[in-house]
Amino acid sequence: MTMAKPCPAAVGATSTPARPVYEISGLSKTYARNRLVALDDVTLTLREGEFVSVIGSSGCGKSTLLKIMAGLSPPTRGRVMLEGRPVQGPRSDIGIMFQQATLLPWKTTIENIVLPIEIREGKAAAKAAMQKALDLLTLVGLGDFAHVYPGELSGGMAQRASICRMLIAEPAVLLLDEPFSALDELTRDFMNMELQRICRETKATAFLVTHSLAEAVILSDRIVVMRARPGRVMEEVEIDLPRPRTLEMINTPKFGAIVAHIRGLLDREAAE
Amino acid sequence: MTDATQHIDAGEGDTVWVEEVSLIDSMPRWLAMGLLFVVAVGIWDLVTRMGWVSPIILPSPGETLADLIFVGRNLFTGGYMLEALWTTTQTVFWAFLIALGIGFLLGVLVGETKFGERAVLPYLVAIDTMPKVAFAPLFIAWLGFGISSKVALAAFIATFPIVVSTAAGLYAASESERMLFKAMGATRMQTLLRLKLPIGLPYMFTGLKIAAVGVMAGAITGEFLGGGKGFGALIRQSASQMDTPRVFALILYLSLLGLLLYFTVVWAQRRIVFWNKEERAGGLG
C-alpha cells in the first residue's frame with residue numbers, strides 16, 4: 001500500500017481523502033507570565049482514522065499543543081475545531097492518556113474505566129456502561145482483571161486499563177501524551193503494537209506526543225516535526241510503511257531512511 | 001563475599017552461599033520484646049534492692065506490681081479510680097472529636113482555597129509555634145474547673161496536626177491526576193471529593209495519629225493544672241503524697257487509654273485506606 005502525497009489518510013486504499021476530524025489553524029500560545037512564545041502559528045489537520053505523531057526537542061511546545069487540543073488550556077490565538085465545533089474546554093469526545101496510568105487505587109479496574117461516565121453522567125450511567133467496559137477490557141486482554149484493584153496490576157497492564165478508560169466515552173480523537181514512556185523498553189514495544197491493534201479495531205483517530213523517534217515512525221501515518229523557541233511546525237513527514245506495522249520493520253532500510261531524515265531535521269535545529 | 005554470608009564448598013565445583021541470619025532476626029517478635037522486658041526489670045530490681053536509689057524516687061518492681069494490682073482492682077470493681085478514668089476518657093473523646101471536626105474543616109480551607117492558603121495559614125502557623133500548654137490558664141478562666149476547660153486545651157493541641165496533614169493531603173494529588181479530572185469535566189467539588197480527599201487520606205491519618213498522642217497530653221496537662229476529677233488529678237495527688245509506686249501504676253493504666261485511642265486510629269486507617277497497604281504500584285506509579 002503506497003499513498004499519494006496529498007492523501008495522508010491511512011484507512012483503506014481509496015483515493016478520496018478521509019473526513020477531517022480535528023482542524024487547527026493559526027494556533028499560537030504565549031504565556032503571559034514570562035512572555036514565552038510556546039507555539040507560533042501552528043496549523044494541523046487530523047483526518048478520520050489517521051495516526052499522527054508530534055516529535056521535537058523539549059520546549060518545542062508539543063505538550064502545550066496537546067493541552068490546547070484537549071481543551072485543558074486556552075490558546076492565545078487561532079482556531080481549534082473538533083468535529084466542526086470549536087474546542088472551548090474539556091469534552092467527552094476527546095480521549096486523553098498520560099504518561100502515568102493514574103488509576104484511582106480505591107476503585108477496581110472496571111470502576112476506573114467507567115469513571116469518566118460516572119463523573120459526567122452519574123452513577124446510574126456508569127453502571128449501565130459496565131458491560132461496555134468489560135468488552136474494552138477484553139479487547140486489551142484484561143478481561144480477567146476487571147474486579148481487581150490497580151495495585152495488583154503491572155505498569156503495562158495499568159496503561160492498558162487507562163486505554164480502556166480513554167475509549168469508554170467513544171471519543172472522536174485520542175490524545176496520547178507520551179503514554180508508554182514510563183514503561184520498560186520491552187513492555188513499551190509490546191504496548192505500541194497493542195496500541196496499533198486497538199486503534200485499527202476501533203478505527204480511532206490518534207494524536208501522539210512522544211520523544212521516541214522509533215515509536216513515532218512505527219505507529220504513525222504522519223509525523224509532525226516541531227522546533228523550539230518559538231514552537232513551530234518544521235516539517236510534516238509522511239510515513240508510507242505498509243500496515244499493519246511490525247517491530248521487524250525497524251530493521252528495514254526504509255525505516256532507517258525515515259529515521260535518518262527526521263533525525264537530520266532535529267539535529268539541524270539543535271545546531272542552529 | 002560479605003560478612004553476612006558464609007562460604008560452603010558443596011563439592012563437585014558448585015558453590016553454595018548461605019546467608020547468615022542474626023539471632024535477633026531469627027527470633028519471634030514477642031520473644032525479643034519479652035527478653036528486653038525481663039532484662040530491664042532485672043536491672044530495675046537490682047538498682048532498688050541494692051538501695052542505690054531512694055524508694056521515693058524509684059520504687060521497686062514488687063511495690064509497683066502491688067500497686068498495679070491495687071489500682072487494677074479498684075478499676076475493675078468500679079471504684080473511684082474508674083470514675084476518674086471515665087472522666088479522662090470522656091475528655092479525650094470529645095477533644096479528639098472536636099479537633100477532628102475543626103482540624104478537618106480548617107485543613108480543607110487551607111488546602112483547597114487561595115484565601116485559606118494566603119490569609120489563614122500564616123496565622124495558624126504562628127499559633128502552632130506557640131507553646132499551647134501556656135493557654136491552659138486562659139481556658140480555665142474562660143470555661144471553669146470542669147471538664148470543658150480540659151476538653152478545650154486537649155482539642156486545641158490536637159487540632160493543628162490535623163489541619164496541617166489535611167492540607168498536605170489535599171496537595172498530594174499528582175499533576176496527571178488533576179489533569180485527568182479536568183479532562184473528564186469534573187467540577188471542583190467532584191475533584192475534591194473523588195480525588196483530592198481520598199488521595200489525601202493516608203496523610204490525614206498520619207495527622208490523626210499525632211493528634212491522638214497530643215490529645216492525651218492535653219487532657220492530662222489540663223487536669224494537672226485545672227484540678228477536677230480526672231486521672232491527671234489522681235496522679236498529681238499521689239505525687240504530692242510521695243506515693244511514687246501509685247504514680248507509676250496510674251501512668252501505666254493511663255497509657256492503656258492512649259494506646260486504645262492510637263490503635264483505634266490505626267484500625268480505622270487499615271479499614272478505610274485499604275489500598276495503601278503496599279506500594280501503589282501500577283496504579284499511581
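The shown structure was predicted, so the numbers you read here are calculated from the model rather than taken from an experiment. (Residues numbered from 1 in each chain as written. Chains lettered and ligands numbered in written order. Predicted model: local features only at pLDDT ≥ 70, side-chain atom pairs only at ≥ 80, totals over all residues.)

## Things to note about the sheet that holds strand β7 (residues 173-177) of chain A
Strands belonging to one sheet form pairs held by backbone hydrogen bonds; the direction of such a pair is parallel or antiparallel.
Residue and element names in this part refer to chain A.
Next up, step 1: Read across the sheet, six strands follow the order β6-β7-β8-β3-β9-β10 without closing on themselves; strand pairing throughout is mixed. Unpaired on one side and paired on the other, β6 (94-97) and β10 (232-238) mark the two borders of the sheet. When the angles between neighbouring strand axes are averaged without regard to direction, this sheet yields 20°.
Next up, step 2: Pairing geometry for β7 and strand β8 (residues 206-209), over four bridges, is parallel. The partner of D177 across the bridge, within β8, is V209.
Next up, step 3: Here helix α6 (residues 155-167) sits on the sheet in contact with β6 and β7, set at roughly 165° to β6. (Pairing = 2+ DSSP bridges. Helix = DSSP H or I, 4+ residues; strand = E, 2+ residues; numbered from the N terminus. Axes fitted to C-alpha atoms, helices over the stretch in contact; angles between N-to-C directions. Contact = placed C-beta atoms within 7 Å.)

## Section: the environment of F181 of chain B
Next up, step 1: Residue placement: F181 of chain B occurs in helix α8 (residues 175-183).
Next up, step 2: In this structure, the C-alpha to C-alpha distance between F181 of chain B and L261 of chain B, residues 80 residues apart in sequence, is 36 Å.

## Topic: the packing of helix α4 (residues 80-112) of chain B against helix α10 (residues 231-240) of chain B
Residues and elements named next belong to chain B.
Next up, step 1: Orientation of α4 relative to α10, taken along the N-to-C sense of each, is 130°, at an axis distance of 7 Å. For the element pair α4 / α10, the angle class is oblique. Contact residues: α4 offers M81, A84, L85 and T88, while α10 offers F231, G232, A233 and L234.
Next up, step 2: Looking at the contact of α4 with α10, its residues break down into six nonpolar, two polar and no charged. (Parallel < 35°, antiparallel > 145°, perpendicular 65-115°, else oblique. Nonpolar A, V, L, I, M, F, W, Y, C, P; charged D, E, K, R; others polar.)

## Some thoughts on the UniProt feature "transmembrane region" (unreviewed entry) in chain B
All names here are of chain B.
Next up, step 1: In the numbering used here, UniProt assigns the feature "transmembrane region" (unreviewed entry) to residues 30-47, 92-111, 123-145, 151-174, 195-220 and 247-268.
Next up, step 2: Secondary structure across residues 151-174 divides into 83% helix and 0% strand, with the first and last C-alpha atoms of the span separated by 37 Å.
Next up, step 3: Along residues 247-268 one finds 100% helix and 0% strand; the C-alpha atoms at either end are 32 Å apart. (UniProt positions renumbered as here; feature names shortened; annotations may be inferred.)

## Comments concerning the nonpolar core
Next up, step 1: Counting 89 residues, the largest nonpolar core has M69, I113, C164, I168, L175 and F207 of chain A as its most contacted members.
Next up, step 2: With seven residues, the single largest contributor to this core is α6 of chain A.
Next up, step 3: Setting aside its immediate chain neighbours within four residues, I168 of chain A contacts I113, V114, P116, I117, A129, K132, A133 and L136 of chain A.
Next up, step 4: Core analysis: the next-biggest nonpolar cluster, separate from the first, contains 37 residues, A136, A158, V163 and M204 of chain B among them. (Core = buried A, V, L, I, M, F, W, Y, C linked by C-beta atoms within 7 Å. Buried ≥ 20, exposed ≤ 12 C-beta atoms within 10 Å, placed from the backbone.)

## Quick look at helix α5 (residues 130-139) of chain A
Residues and elements named next belong to chain A.
Next up, step 1: Among the residues of α5, A133, L136 and L137 are the ones counted as buried. Summarising the axial view, the buried residues of α5 lie within an arc of 100°, below the 170-degree limit, and thus occupy one face. Facing away from the buried side of α5, by more than 90 degrees, are the exposed residues Q131 and D135.
Next up, step 2: Where the residues of α5 are buried, they touch α2 (109-113) and α6.
Next up, step 3: Taken from the residues just after α5, G141 is the one with a positive phi, measuring 80°. (Arc of directions from axis to C-beta.)

## Thoughts on the UniProt feature "domain: ABC transporter" (unreviewed entry) in chain A
Next up, step 1: Per the UniProt record, the feature "domain: ABC transporter" (unreviewed entry) sits at residues 22-253 of chain A.
Next up, step 2: Overall, residues 22-253 of chain A shows 32% helix and 27% strand. The separation of its end C-alpha atoms is 32 Å.

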